[in-house]
Structure formats: structure tokens, C-alpha cells
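Here is how the chains run, residue by residue.
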Amino acid sequence: MHTIYLDHAATTPMDPRVVEVMQPYFIDVAGNPSSFHTVGLRAKEAVTEARQTIARLLSAREDEILFTSGGTESDNLAVMGIVKAQRQAILSFCHSRAGGNPSDGSPGLRFATPEDDKKPHVMTSAIEHHAVLEPLLHLQKIGEIELTVLPVNREGLVAIKDVRTALKLSTVLVSIMFANNEIGTIEPIADIGREILAWRKEHITPYPLFHTDACQAAGAIELNVEKLHVDLLTMNGSKIYGPKGVGILYIRRGIKIEPLMRGGGQERNIRSGTENVPAIVGLAKAFELVQENRETENARLIKLRDRLAEGLLKIPKTRFNGHPTDRLPNCVNISFMDIEGEAAMLYLDAQGIMISTGSACASSSLDPSHVILATGLSYEAAHGSLRFSLGHSTTKEDVDFVIAVMPKIVERLRQMSPVNLDMKYFN
Amino acid sequence: MNPITPATTDARKGDVVAPTKEKGWFYTDTVKDHFFHPKNFLDGEEDYKDAYLGMVGSPACGDAMKVWLRINKGTDGVERITEFKWKTFGCASAIASTSMLSVMVTENEGLTLEEALKLRPQQIMERLGGLPNRKVHCSVLGDKALRSAINDYYRKTEQTDKIIVEQGRIIDKVLKITDHDIEEAVLEGADTLEKIQHKTKVGTGDPSCIPEVEQLLRFYKEKYFGS
Ligand code: FES
């Protein structure tokens, strides 16, 4: 059976050109970059070159790129590392400001509650990846931070004015994802970045720092840290036809961050551990390739994406999830009412079509997708949400095949379902 | 893209045999068969308005199920379930276990009500060749819907004395948490006291019930997961 892989947001297959450049570093040039002999030096050069490539594509500096084991580690490092490192700094800063200028009427120097006074404040959005949300919830639970989780609108967008309202002097970090992995909505990162810059200037403070998780965005959007006004940026190989288990954290020069892993002192002592040389080389190549072909591939995917969405939305009792235009070129997320997503996914699987669902039944925690719920949909609608994420291999024939088989599957599952939701609640 | 070779039969086995060696949540071939070719589901409810109706919803993942029964006296004068129709909103496991239950209840001449009431989710799971641990709670649904439909029959045939009301026994007197709530939590995957408390808050108001909660936890874990 012909396999139609429409789960590129989960992970992409590797680009053969990426595999090729990685090849020498498995056996021939397999030195440890920390070794001073020739093979070690060759490996070190490869890492340096990869770092330069990535820095160039991000408009960053070489020493601002830190290699990690992937998106989850980068997100964790950004969140935990900044909170831990800034905790002392922000306290002394706030106290000196609060204590030093009580008479000159500087705004915002008094804290709302004694509790706030003690804790750094972090802001994030309700649709973040678990790799950001979970460490933050953990820090909140153990009493290390005060956390604000910003809501999103129906389309999954964070409102800039909500960011502004929630900012306070104790805010150390704002972490908002660039593009959402489930519904594909692209957040106004540059605008939020500008807002934060303005706030920092107005309040004469270096905080908050601004982090964005750009894993899903990296294959489709220009990532220029200057234009985006971000201080930290997470990106990985597994969504851009690169290797899995490798990622970067961009950390703007001068920012202090507390390591999660201590050891041999690699990566400027922030991330110890022998560099994964082949993966690092592959990541740089993959990033270069997707960025080079971005415009042509986006144009091709957008056509397919819209064709697929249009075809599927002809099925009665469906609801489109995500932003109609500010959305990744490869993402279609639709709720099919009255049916359960895991069942639909397996019926599609039997036809050779690989997709994913936000249904509770398909998650290990039995919780429906927090992203779909955050856009204001009910449990039932989250249960029936399916994500089709297109990629390099997707053709028009694939899309047409999905459009052809989907109505039958939905009809079949609806025949079996006792649920009959009224669409007036979803439009 | 190259066609993908299907997973080996072994990888598709449920893990009910060895819950410790969980192999993800792939389904057995029997589950797949009932999922792709469900037996006895009801398409259109008009003809079954007079049947005995049972309904349940699962708090775990928000699924729902309806069951319609026809009950007739057999040649021996005993009441038997001759028809079992259903509809379910749920995953592959919920669909397959309801389908299997409908077969088990109606095969041969049909079960007597006493026999049907004695059916346990484990028996359905066995016939299915096992379900992954985190899918066990779906297999309980059909069983509950069946009980609710049998109660409907007793109600409509004025045998109200036979109606079995599943009233939980109160464990936490302050928060009014019953043994059913604990059972529900275990089925949803809570396998430690902490996880049960996370779901139910049991014992936060009345810590004296905690030993009993731990006992129930062991009991239900053994009952549903064999560990
Ligand atoms: S019905 Fe939700 S997990 Fe089975």
C-alpha cells in the first residue's frame, strides 16, 4: 500500500542530502571535538562550521548558538536556566530600585503582594508545547515562580495587549511559541518582542527576557533574531528534515543562564557533554536547506494545504481549527464532530494515511489537546480533532486521495456514534 | 515514499498477558477485526424505540455509549437477551470491546439476565486477546451500559425489586468520595496513592481513610491490571 505520511508536525523524514553530509562523521571523522589530535580537530572544525551556518541563518553571532539534545532540552534550559540565573539578579535589582527611588515617583516599584515580591514572574501562553509548559508548571508548583498563562483567541493568537497588561517589574521571562504544533497558528513574535523592548526601555530594566520556541516555524518562516527581538530561541532538527535528538538554543550575548547539565564544560560551560558531531552537522545542513527553499516550498504547500482544507470542510459538521491565514503552510487541523479522533486516525491508517489527533483517547494522560481546548472548543470537539501536516513528499494526488476517503470514514464512525452535537455551538 | 512494512504480529499484541512488559498500545488482531467490522451496532434508532435502553458516559475521556436490548423468554421460559445493539463515541478499544460484548451476550441462545449481570470486563478483554493497560477503562463501559439497560428492563416490566443501584460506599466522609470514585481513578491510570489523590483529593479532608484507600488501590489494581 502507498503510504501517505501527513504527520510532518510530529517529525519529518530526513532529507537524503542531510544524511549524506553527516556520513563522514560516524566512522571516518569520529573524534571528540575536545581532543587536540587531528581527528579531534577535524570534528571540532565541523562543529564550528555548523555553528557558523546556523548563526548566519539566524543573524546571530557564533557564540550565541548552543547545541543541545533537541527542542525539549532547549526549552527546559531556556525556562529553568533563566529563572534560576535571574532569580538573584532580579531580586537585587528590584530591591535596589524599590529601595533607592521611593521618592521620585518611578512607576511600578511597589509590588502587589508580599508573595510577588519574593518570586520571579514568568509569562507564557496556553498553547505552548509541553516542553515549555511543564517545566514552568513545575517551577510554579515548587514555589519558585509566579506564572501567568496568557489565553489565546479562537484562532489561537495571543493578544499583544494581554502581554503588556501582564508585564510587571518582577517579570523575568516571557516565553511564547513562534508557530503552534497542533493548529499551526503563527504568533506575532516580532510585535511581542517590540512590545517587550519598549517596556524594558520605559522601565529601565533588562527584564523580561523573551524566549520563543521556533521548532515548528524553522522550516517555514525566516528566523532572524534581530527582527524578532528575541533573546532566546529554540529550534531542532526533527521538524526540518534533519536528525532527531539535536537542537539549538540561541542565547543573546551577555545573558546569564544556569546550566542544567554540568560536566566537561562543553558549550561554554552551559551544556556539558561530548558534542553529537554528525547530528550537529546534519542540523546545520537541514536548516540551510529548508531556509534556502523556503519560498518555493511554502508556495507549493500552501496550495496543497488549502486544497485539503477546502475538500475536508465540505464534510458536514466540521470545524476548522487555527488561524485561516497566519498559519504554517503545511498544517490543516479540523474537528469532525460526533466522532473520536483515535478511531478516525486508525481508519485512516488502514488506508495508508498517517495523521495525528488531539483526542483524549490517544494521549497517555487521557486529556484532550490543551491547544484545542485553549481556542475555546469543548472536549467533544477536541476529541474529534485531526491534524494533517504536509511535507516534502506530499503530492496533489495524496491530498485528493485523503479528500476522497475521508467522507466515508467519518460517515461510518458517525453511524456508530450516539453523539449528535448541535453545530450552533461551534460556529 | 516506500511502503512501510506492517508491524509484526508480536508487536501488535495487547499487553494484558504481561502488563509489566508494556508494548505500547497496539491492538490485537481480534480488536482490529471488531474495530474495522463492528458487530451489532445500531444504525438509526427508530426501530428500537421500544427496546430497553442503557446509557453511560466515561469521565475518563469523555466518551459515551448507548445500548439497546431485546429480552425474550426462551423455549425453557427463561428470559434471555436476544438482541444487543449499541452506539459508542470512543476509541478503537471502546468500539471493539462493545462489539465483542454484544457478541458474547447474544451468542448461542443469548445470555440469561443473571448470566449477563455476572459478565466482567476481564472476560471481554480475554476474548479480545488483551487490551493495553491504558485502554482498560474503555472495556468497562459496555459492561456498565449493559447493566443500565437491564435495569431499564426491570423498571419497565415492574420488577423494581431486582433493580441494582450501584451505590458507592463512602470512603472519605468529608469529601464524600466513594469506592467507585477510587475505582474510576485506578481505571484512568492512577496507580499510586499520590495519583489517586491528584484525581480525587481523597483523604485531604479526612486523612483517617487513607489506609482504606491504599487497600482499595491494591484491590482494583489487582482486579483490572493483575498487579
Ligand atoms: S474511549 Fe477514550 S480511551 Fe477508549
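Calculation criteria
Every chain's residues receive numbers from 1 upward, in the order its sequence appears when written. Whichever chain is written first becomes A and whichever ligand is written first becomes 1, with later ones labelled in order. Residue-level local features of this predicted model are given only where pLDDT is at least 70; pairs of side-chain atoms are given and counted only at 80 or more, and the full residue set underlies all totals for whole chains, interfaces and linings. By convention in this description, side-chain values take in all heavy atoms of the structure and omit both hydrogens and water. Strands are runs of DSSP state E lasting at least 2 residues, helices are runs of H or I lasting at least 4, and numbering of each runs from the N terminus. C-alpha atoms define the radius of gyration in this analysis, and the globule rule sets the expected value at 2.2 Å times the number of residues to the power 0.38. It only takes one pair of heavy atoms within 4.5 Å for two residues to be counted as in contact. Using a 1.4 Å probe, accessible areas were evaluated by the Shrake-Rupley method; residue-level cover was limited to the displayed protein chains. Working convention for charge: Lys and Arg count positive, Asp and Glu count negative, and His plus the chain ends are omitted. Here the site of a charge means NZ on Lys, CZ on Arg, CG on Asp, or CD on Glu. Pairing between two strands is assigned when DSSP locates at least 2 bridges connecting them. Helix axes are fitted to C-alpha atoms over the stretch in contact, other axes to C-alpha atoms as well, and angles between N-to-C directions run from 0 to 180 degrees. Think of it in three bands: residues with accessible area under 20% of the maximum for their type are buried, residues over 50% are exposed, and the middle band is partly exposed, with areas taken using a 1.4 Å probe on protein chains only.

(A) How the structure looks around the overall build of chain A. Each helix and strand counted, chain A has 14 helices and 13 strands in total. Taken against the 2.2 N^0.38 rule, which gives 22 Å for 427 residues, the C-alpha radius of gyration of chain A at 23 Å falls within 12% of a compact globule. Once the C-alpha set of chain A is aligned to its principal axes, its extents read approximately 70 × 60 × 35 Å. When contacts within chain A are restricted to residue pairs at least 6 apart in sequence, long-range pairs at least 24 apart make up 73% of them. Total accessible area on chain A stands at roughly 17100 Å², and carbon and sulfur atoms take up 54% of it. One finds the centroid of the 45 positive side-chain charges in chain A at a distance of 2 Å from the centroid of its 51 negative side-chain charges.

(B) Broad picture of the sheet that holds strand β3 (residues 121-125) of chain A. Residues and elements named next belong to chain A. Pairing in this open sheet of seven strands is mixed, and the strands run β2-β8-β7-β6-β5-β3-β4 from one edge to the other. Whereas interior strands pair on both sides, the edge strands pair on one side only; in this sheet they are β2 (65-68) and β4 (146-150). The average undirected angle you get between the axes of adjacent strands in this sheet is 20 degrees. Where strand β5 (residues 171-175) lies against strand β6 (residues 209-213), three bridges are found, and the strand directions are parallel. By the bridge assignment, Val174 is partnered in β6 with Phe210. Seen against the sheet, helix α7 (residues 189-202) touches β5 and β6 and runs at an angle of roughly 170 degrees to β6. Its contacts with the sheet place helix α9 (residues 277-292) against β2, β7 (232-236) and β8 (247-251), and it is angled at close to 100 degrees to β7.

(C) Seen up close, the environment of Pro13(A). Residues and elements named next belong to chain A. Topologically, Pro13 is positioned in the loop between β1 (4-5) and α1 (16-22). Placed 228 residues apart in sequence, Pro13 and Tyr241 show a C-alpha to C-alpha distance of 5.5 Å. Those residues in contact with Pro13 that lie beyond four places of it in its chain are Tyr5, His8 and Tyr241.

(D) Main features of the side chain of Arg147(B). All names here are of chain B. Here Arg147 lies in helix α5 (residues 136-156). Given the relative accessible area of 17%, Arg147 is considered buried. Those residues in contact with Arg147 that sit more than four places away from it in its chain are Leu117, Leu119, Arg120 and Glu166.

These figures come from the coordinates and say nothing about function on their own.
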